[in-house]
Every structure is written in structure tokens, then in C-alpha cells.
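Below are the chains, spelled out letter by letter.
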Amino acid sequence: MQKFLSFLVRHNAYLLLLLYCGIALLVIRFEQDDVVSKIRGSFTEVGASVNEQIVSYGYLLNLRKENERLMLLNTELLSKCLRNERMLRDSKARSALFADSSFDASGYVVARVIDRKFSARENILMIDAGKNRGIRPDMAVLTPKGLVGRVVYVTERHAAVMPVIHTDFKVSVISSASSAMGILAWNGGAEHLASIEHMPISSPLKRGEEMLTTDFSTFAPGGIPVGRVVRIRPDKLFYNIDIRLAVDFSTLSYVLVAPVKRDQEKPVLPDNIMPQGEPSTINPVN
Amino acid sequence: MRQSLLPLVIVLLVVSVLQIFGMSRLSLFGVSPDMVTVMLSLMSVYIGQRTGMAFGFAAGLIAGLFSGNLGVNLLFRTIEGFTAGYFHVPEESHATKSQKSRMLYLAIVMASFAGNLVFNLIENPLGQELLVRIFANGALACVLNLLLGVIVNRLYLRKTLSE
């Protein structure tokens, strides 16, 4: 019998094939069986851990590429984050602009300050509104808190604003309480302080009074706050007055551009009205 | 005989492990070159059909235990060994090196196709059409394995086996 079997095994590959295939088919049939699946499960566990190791080595080998990818992702996320933060900041600044319910901003153009050149004597602001949004030279620029300046140069999409804190800027102002009038000027130095010139010492001006723009300014609508008197020193004919400006130029981000004033053509007084030989003490004021 | 088979068993074990954890990652359209098929073909051609089959069964056992598809692996590896055995070159044969190589290549192609056929008739891991699985994947497997066989034969086997 043994000889017969060995003969069969030695000479009949088909029988062996049948045997192997039979075992294989049996395994397929009982593959879900507990014992087989347990054995298979333990080997799968080993295989999985080996695979995990291989993958982790592969990860180490690709670390540089992965780092570069993460760096790019980081940059992208950072730029998104910065963009979102800026949008949030802009939105807050815009809503702050309209927060003052006593100020009617209809008809005004809202513009963002996109650049500013501040120095000890000459300051210029750049806003993101130009001819395309109806901005013209000599328009008044303000915030609900007070006067910012005037438009001096306009391009298609931008405009340059000469702020109150510019040595060439002058505007006539009036006290809200005593109606004393003078000319606001800035002589350089601290950006929150300006001075009022040509205020006669007979004026009943007091500290703490609010100064507003007058109606006879060629560019600024009347009644725009300019600042508050902080110091009064009498001189020979006029007071030397310091006022704290209403607008904080260091935090300026959004401004309103006032519609152009209708009667821009200020009537020019004939020379012969002025008394001969007496120099005019009043400088030409805008 | 047992002494000469032992190194082959070790080689089979190493090749199976390499196949499971290494070569199977080099996949082209879902088909990867199979070192085990090449080795089984080699054994069947140079040692004999029954040895090829036995080694196929063992290789299927190893691969099945690790991959979790025991029955199918046993079956198709056995079939591969059996198919390659038809191209067996007896030891006493006076075949030239190129004739032996040709037989080896034929064995690899046929074993690959047969193994692929059996596997794809039972399993469909990529959810492909049956004809695609059998013919397209089968042809690709044949080409990849043949390529592997040619490389192995050129680099190492041709010289040692002819000796």
C-alpha cells in the first residue's frame, strides 16, 4: 500500500495537484472558521506591524518632501489667516466710522487710508478712492470725530489728502461756545496738537472749548469738529492757542470724503475796500 | 535531495516576505511584478513539477497567512507551480543555455497567466470587469514577471544554472 502511494506521488503530479487544490478549496470553504481566522488574524497582525514599520521608514525617508509640503501649506494658511484678519479689522473700522448716530454720512464717500507719509513737517495721506468714485481736488476729508484734511491730488483710483497736520494746511475755525474765530494751523511737532492763529486777545475764548470749521471755508462744510482748546497764552495782539486735534491720525484707517461744496467760488473783495496803507492781518484762508 | 532543497526553502521564504512587504508596493495599474511566480517557475523548470507545486503551496501558505487570503493564495500558487512544471528541463537534458532560458521564460509567462486567471476568477479586489481582470491584468502580469525573470536570468541564473 505504501509502495502504491509513493508510486502515485512520485509519478502522478495530477494527484498531488488534486491534493493541494483540495486543501486549498477546503481552506477557502472554512476560511471564516474560528481556528483558521484566528491563525490568519495573528499573521495579519504581524504583517500589519511590519507594514507599519516599513511605512514609518518610508515616512522618514520622505521627511524632507513632507516638510516642504507642510511649509507650503503653512504659508498658504498664514496668508489666508492674515487676509481674514485684515478683512475683520477693515470691517470693524468701517462699522466704527458709522457708529456715531448723530453724524449723517449719506452722500459721503467712504475711503480707506492705504498709505501715509508722516514726517515732522509734511504729512500726506493716500486714500483708495479717486476720480472713479467722484473724488475731486479740494474736497474735505473727515471722520465723524472731526476734520482730517483736504484732497489735493486725484488719480483714477486714488487720491492724496493733505491732512490738518501739514504745515501748508490752514482752515478757519470758530468756537462752538463763544463764536470766537481764528485760523487753524499746524507748525510741525506733535501730531495731536495744532495752534489757532489770529485770535484777538479780546475774544472770550476759554480752555476746553470745542473748535469747529466755519461756514465760509471753501472746501470744508461748516460745523465739523477740529479740536478742543488746551492752552491759551496772550501775546501782544493775539492769543497763542494750542488745541488738541479731534482726530487721532495715528489710528486713522477709514475716512469720509465730503461732497464738494456748492459755492466754491468765494467772492473776492475788491482791493480798494481795504484801507490804504494798512497791511491786511488776515492771511488768505481756504 | 533534502540538503539541496533547504537553501531553496530559505530563499523561498525570503522571496515571499520580500514580495509581500516590498514588491507588492510597486504596482502598475493594480498589478505588481511577482518574484514568487518567477521563483516557482525556476524551481519547476529546473527541479520538477511536483517540487514546483509543493513550493507553490508553501509560498501560498506564507502569502495567505500574511495577506489574509489563505485559500486563494494556496490555490493559485499551486497552479502556478504546476503550470510551470510543464516546461521542466530534466537534469540529464542536453539543452543549451538559451533553450533553458527560453523554457524558463515560457514557464514564467504561462505560470503568471494561469495564476492570474485562477486568482481573478475568485477574487476581484479592484472591482474590475472579469475580462479586464483576466486578459488585461493577466497580460500585464505576464509582461512584468517576464521582465523580472529576464533580469534575474541575465544577472545571475544563466551562469550558475548552466554550470
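Everything in this summary refers to the structure shown in the same document.

Definitions and cut-offs
- Residues numbered from 1 in each chain as written.
- Chains lettered and ligands numbered in written order.
- Predicted model: local features only at pLDDT ≥ 70, side-chain atom pairs only at ≥ 80, totals over all residues.
- Heavy atoms only, no water.
- Contact = heavy atoms within 4.5 Å.
- Buried area = accessible area lost by both parts, 1.4 Å probe.
- Polar contact = N/O pair within 3.5 Å; in protein donor to acceptor, adjacent residues only side chain to side chain.
- Helix = DSSP H or I, 4+ residues; strand = E, 2+ residues; numbered from the N terminus.
- Nonpolar A, V, L, I, M, F, W, Y, C, P; charged D, E, K, R; others polar.
- Pairing = 2+ DSSP bridges.
- Axes fitted to C-alpha atoms, helices over the stretch in contact; angles between N-to-C directions.
- Salt bridge = Lys/Arg side-chain N within 4 Å of Asp/Glu carboxyl O.
- Buried < 20%, exposed > 50% of the residue type's maximum accessible area, 1.4 Å probe, protein only.
- Parallel < 35°, antiparallel > 145°, perpendicular 65-115°, else oblique.
- Left-handed = near helix turned anticlockwise from the far one by under 90°.

**Let's talk about the interface of chain A and chain B**
Then, number 1: At the interface, 25 residues of chain A touch 22 residues of chain B.
Then, number 2: Taken together, the two surfaces of chain A and chain B that pack against each other cover about 2000 Å², and 76% of this comes from carbon and sulfur.
Then, number 3: The tally of links between chain A and chain B comes to 1 residue pair in polar contact (both at pLDDT 80 or more).
Then, number 4: Secondary structure elements with two or more residues in the side of chain A that touches chain B: α1 (2–11), α2 (13–29) and α3 (34–61) of chain A.
Then, number 5: A breakdown of the residues in the side of chain A that touches chain B according to their chemical character gives 19 nonpolar, 3 polar and 3 charged.

**What about the sheet that holds strand β9 (residues 210–213) of chain A?**
Residue and element names in this part refer to chain A.
Then, number 1: Strand order in the closed barrel formed by 6 strands is β6-β7-β8-β11-β10-β9, with antiparallel pairing between adjacent strands. Between one strand and the next, the sheet's axes are offset by a mean angle of 40 degrees, whatever the strand orientation.
Then, number 2: Across 3 bridges, β9 lies against strand β10 (residues 225–234) in antiparallel orientation. Across the sheet, residue leucine 212 finds its bridge partner in β10, namely proline 225.

**Remarks on the pattern of salt bridges**
Then, number 1: Here the structure, examined in full by the defined rule, presents 5 salt bridges over all chains.
Then, number 2: The closest approach of N and O atoms between Asp242(A) and Arg231(A), which form a salt bridge, is 3.0 Å. Separated by 11 residues along the polypeptide, Asp242(A) in strand β11 (residues 238–245) and Arg231(A) in strand β10 bring together distant segments of the chain.
Then, number 3: Owing to a relative accessible area of 16%, Asp242(A) belongs among the buried residues under this scheme.
Then, number 4: The residue Glu80(B) makes a salt bridge to Arg77(B) at a minimum N-O spacing of 3.1 Å. Here Arg77(B) and Glu80(B) lie together in helix α4 (residues 70–84), a separation of 3 residues that amounts to about one turn. With respect to burial, Glu80(B) and Arg77(B) carry one shared label: buried.
Then, number 5: Among the ionic contacts, a cluster of salt bridges with common partners joins Arg231(A), Arg233(A) and Asp242(A).

**What to know about the sheet that holds strand β2 (residues 124–127) of chain A**
All names here are of chain A.
Then, number 1: Strand order in the closed barrel formed by 6 strands is β1-β2-β5-β4-β3-β12, with antiparallel pairing between adjacent strands. Averaged over all neighbouring strand pairs, the angle between strand axes comes to 45 degrees, with direction disregarded.
Then, number 2: Judged from the 2 bridges that link them, strand β3 (residues 140–143) and strand β12 (residues 254–257) form a sheet pairing that is antiparallel. Bridge assignment links valine 141 to a residue of β12, and that residue is valine 257.
Then, number 3: Its contacts with the sheet place helix α4 (residues 63–97) against β1 (109–117), β3 and β12, and it is angled at close to 45 degrees to β12.

**Examining the environment of Phe98(A)**
All names here are of chain A.
Then, number 1: On the secondary structure map, phenylalanine 98 appears in the loop between α4 and β1.
Then, number 2: For phenylalanine 98, a relative accessible area of 41% gives the class partly exposed.
Then, number 3: For the pair phenylalanine 98 and threonine 143, spaced 45 residues apart in the sequence, the C-alpha separation amounts to 9.2 Å.

**Quick word on the packing of helix α2 (residues 35–46) of chain B against helix α5 (residues 97–122) of chain B**
All names here are of chain B.
Then, number 1: At a minimum axis distance of 9 Å, the contact between α2 and α5 shows a crossing angle of 130 degrees. Considering the angle they form, α2 stands oblique to α5. Seen along the crossing, α2 lies across α5 with a hand that is right-handed. The segment α2 lies against α5, with Thr37, Val38, Ser41, Leu42, Val45 and Tyr46 engaging Lys100, Ser101, Met103, Leu104, Ala107, Ile108, Ala111 and Ser112.
Then, number 2: Its residues assigned to classes, the contact of α2 with α5 comprises 9 nonpolar, 4 polar and 1 charged.

**Looking at the side chain of Asn73(B)**
Then, number 1: With respect to the element layout, Asn73(B) can be found in helix α4.
Then, number 2: Sequence-distant contacts of Asn73(B), that is, excluding residues within four places in its chain, are made with Gly60(B), Ala63(B), Gly64(B) and Ser67(B).

**What about unusual backbone geometry?**
Residues and elements named next belong to chain A.
Then, number 1: Positioned with a positive phi, aspartate 138 is a non-glycine residue whose angle comes to about 75 degrees.
Then, number 2: Examined against the element boundaries, aspartate 138 turns out to sit in the loop between β2 and β3.
Then, number 3: Backbone geometry places histidine 198, a non-glycine residue, at a positive phi of 60 degrees.
Then, number 4: Looking at the element boundaries, histidine 198 is found in strand β8 (residues 193–200).
Then, number 5: Judged by relative accessible area, which is 25%, histidine 198 ranks as partly exposed.

Take it as geometry only, folks, not as evidence of what the structure does.
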